[in-house]
Amino acid sequence: MRDDMALLAGTRRPLDQPWEPFHPLAMDFLAALSAAVRQGCARREELAAFGFWCRRAHLEQLRERHRSRLPRLGRGLVFHAAPSNVPAMFAYSYAIGLLAGSAGLVRLSTRRGEGEETLCRCLREVLDRPEFAAVKARSSFVSYPRDDALTAALLSGCGGRVVWGGDATVAAMRRIPMPPWAVDLCFPDRWSLALLSQGAVAWMGEEELAALARRFYNDTYLMDQNACSSPQLAVWLADGGEKGARRRWWLALAREAEERYSLGAFQAARKLEQFCRRAMAAPGVKGLERYGGNLVWTAPLELPLAEDRPPKGGFGLFWEAEIETLDQLPALLDQRSQTVVCVGADPGETAALLAARGARGVTRVVPAGQALEMDTVWDGHDLIAALSRGIG
C-alpha cells in the first residue's frame, strides 16, 4: 500500500471471492455492526439511522424481498466511492454490496468529517472480532488524495464499481477504465421536492401537524438538504383550505428546528449565499419569508421555472411553488428529479398519476419521514441484482 493511501478499516488486500447474496456471515456481521453503531452513535441521528437500517429484522425483510429462483453469486470485489457531505453513504453502499455477495473496496475522501471517522471506528471494532475474520478479509476502507492512476490500478481487480457523487465526480470516474466484464453503477446529481396538500394541512390538529413536521425535519435538516432525496422545492397543491395553512406549516417546522437544529455561522452564510445567487442570476424569485428567526426561509418562485430545475436550497432554505391540480406536477419534473415527498398528499395516488402521465426522472414517491431511508432499489436500479449474477 502506498504511503499516501491510508487504511481506515479492514484489510490491505481484500479477497475477491464471491459469496451468495445474504450470506449468513454477512448477515451476522451487519447485525453486530448495527448494535455497535446504535450504541456508539446514538447522538448522531444520521449515523444511528444506518445502525437501525442494519438491524436483523430489516436484513431478513430484504432477504425475503430479493429471494431468487436461480442460484446467485456476488460480483467479486466492488469499488465504492461516496461523497463526504452524506456521512453514512459509504457505509450503506458497502453494506448493500456485502448483502449482494460482493467484497468491498471503499474509498473515503481525505476531507472526511466526524461522522465518517465515527463509523470507521465502529467498523474496525466489529471487523476485528475473531468471528468476523472472513468478512474482514473481504473488506477494505481506504483514503487517498485524488489519483487516477492509483484508482485505475485498484479498479483493475474489481468486478464492479458504485459511484455516488456530483456529475463531475461521475464523469471523472467513468474515464477510468475497468475490466470489460465489470458492472458500473453511477448515481450523479439529482434533486427532490415536497408535495404539500394545503387542504390537508389546513385541517390538521396541532399534534398531527407537529408529528408531520418532525418527520419532514428528518427528511431535510438531518443532512442539511445535501442528500439527493432531500426536498429543495416545496410545491403547494391548492386543494382547499386557506393559504394561511402554509404559514402554519412552516412555523411548525421552525419549532421542530428550534429544538433540534444547530444553526452556526457557516450554515447561515451558505443559506444567504444560495438565496442571493439565485435571486441575482435569474428572474422569478417573488420574495423571502423567515420563520423561527433564521431557521426556516421560504422563497416563492414563479412557474414555469426559469431554469430546467429548481435552484439548490440547503440549511433550511426552501423554494416554493404552487399548482392548482395534481396534473400540473409532471411538468415540474425532469430527468434529474428523484424523490417526491408527500405532506398530506397521498403517495399512492401521486405515484399512479406520475406513471400515467409518463413523468420524467422521478423514481420514488414517499410519505414525509421516509426521504432518507436507503433502499436496495435506488434510482430505479435493483442493487442486489446488479451487484450479483444469476447462475442457471
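Report on the accompanying structure. (Residues numbered from 1 in each chain as written. Predicted model: local features only at pLDDT ≥ 70, side-chain atom pairs only at ≥ 80, totals over all residues. Heavy atoms only, no water.)

## Things to note about the overall build of the protein chain
Working step 1: Of the regular secondary structure elements, the protein chain holds 14 helices and 17 strands.
Working step 2: Computed over C-alpha atoms, the radius of gyration of the protein chain comes to 22 Å, within 12% of the 21 Å expected from 2.2 N^0.38 for 392 residues, which places it in the range of a compact globule.
Working step 3: With the C-alpha coordinates of the protein chain rotated into their principal frame, the extents come out at 60 × 45 × 40 Å.
Working step 4: For the protein chain, the residues scored as buried account for 53% of the 392 residues in total.
Working step 5: Of the roughly 17000 Å² of accessible surface on the protein chain, 50% is carried by carbon and sulfur atoms.
Working step 6: Across the protein chain, the 48 positively charged side chains and the 46 negatively charged ones have centroids separated by 5 Å. (Helix = DSSP H or I, 4+ residues; strand = E, 2+ residues; numbered from the N terminus. Rg over C-alpha atoms; globule rule 2.2 N^0.38 Å. Buried < 20%, exposed > 50% of the residue type's maximum accessible area, 1.4 Å probe, protein only. Areas by Shrake-Rupley, 256 points an atom, 1.4 Å probe, with all protein chains shown as cover. Lys, Arg positive; Asp, Glu negative; His and termini not counted. Charge placed at Lys NZ, Arg CZ, Asp CG, Glu CD.)

## Points about the pattern of salt bridges
Working step 1: Counting across every chain of the model gives 22 salt bridges.
Working step 2: Arg 260 is paired through a salt bridge with Glu 45; the nearest N and O atoms lie 2.5 Å apart. Here Arg 260, found in helix H11 (residues 244-260), pairs with Glu 45, found in helix H2 (residues 45-53); they are 215 residues apart in sequence, far enough to count as distant.
Working step 3: Looking at Arg 260, the relative accessible area reads 26%, which means it is partly exposed.
Working step 4: Owing to a relative accessible area of 34%, Glu 45 belongs among the partly exposed residues under this scheme.
Working step 5: With a shortest N-O distance of 2.5 Å, Arg 65 and Asp 375 are connected by a salt bridge. (Salt bridge = Lys/Arg side-chain N within 4 Å of Asp/Glu carboxyl O.)

## A few points about the packing of aromatic side chains
Working step 1: Taken as a whole and assessed by the stated rule, the structure comprises 17 aromatic pairs.
Working step 2: Feature note: the residues Phe 216, Tyr 217, Tyr 221, Trp 236, Trp 249, Trp 250, Tyr 261 and Phe 318 constitute an aromatic cluster, connected by ring pairs.
Working step 3: A cation over a ring is seen here: Arg 107 above Tyr 144, with NZ or CZ 4.4 Å from the ring centre.
Working step 4: Above the ring of Trp 19, the side-chain terminus of Arg 138 is found at 3.9 Å from the ring centroid. (Phe/Tyr/Trp six-rings, centres within 6.5 Å; stacked < 30°, edge-to-face > 60°. Lys NZ or Arg CZ within 6 Å of the ring centre and 35° of its normal.)

## So, the sheet that holds strand S4 (residues 103-108)
Working step 1: In spatial order, the strands read S1-S5-S4-S3-S6-S7; together these 6 strands make up an open sheet with mixed pairing. Edge positions in the open sheet fall to strand S1 (6-10) and strand S7 (183-187), since each of these has one partner strand only. Pairwise comparison of adjacent strand axes, ignoring direction, gives a mean angle of 15 degrees for this sheet.
Working step 2: Packing against the sheet, helix H5 (residues 114-127) makes contact with S1, S4 and strand S5 (139-143), and its axis sits at approximately 55 degrees to S1.
Working step 3: Most of the contacts of helix H8 (residues 167-174) go to strand S6 (residues 160-164), to which it runs at about 160 degrees, and overall it touches strand S3 (77-81), S6 and S7. (Pairing = 2+ DSSP bridges. Axes fitted to C-alpha atoms, helices over the stretch in contact; angles between N-to-C directions. Contact = heavy atoms within 4.5 Å.)

## With respect to the nonpolar core
Working step 1: Grouped together as the largest cluster of nonpolar side chains are 57 residues, with contacts concentrated most on Phe 29, Phe 50, Phe 90 and Phe 141.
Working step 2: Sequence-distant contacts of Phe 90, defined by excluding residues within four places in its chain, comprise Ala 82, Val 106, Leu 108, Glu 116, Leu 119, Cys 120, Leu 123 and Phe 141.
Working step 3: Listed in part, the 30 residues of the second largest apolar core include Ala 194, Ala 245, Trp 249 and Tyr 291. (Core = buried A, V, L, I, M, F, W, Y, C linked by side-chain atoms within 4.5 Å.)

## Some words on the pairing of strand S13 (residues 337-343)
Working step 1: Counting buried residues along S13, 7 of its 7 residues qualify, which places the element largely inside the surrounding structure.
Working step 2: Of the pairings in the sheet, the one linking strand S8 (residues 191-197) to S13 comprises 5 bridges and is parallel in character. Within the sheet, the bridge partner assigned to Leu 196 lies in S13 and is Val 343.
Working step 3: As judged from the 4 bridges shared by S13 and strand S14 (residues 364-367), these two strands associate in the parallel manner. The residue bridging Val 341 from the neighbouring strand is Val 366, located in S14.
Working step 4: Crossover S13 to S14 through helix H13 (residues 347-356) is right-handed. (Right-handed = clockwise from strand over helix to strand, strands pointing away.)

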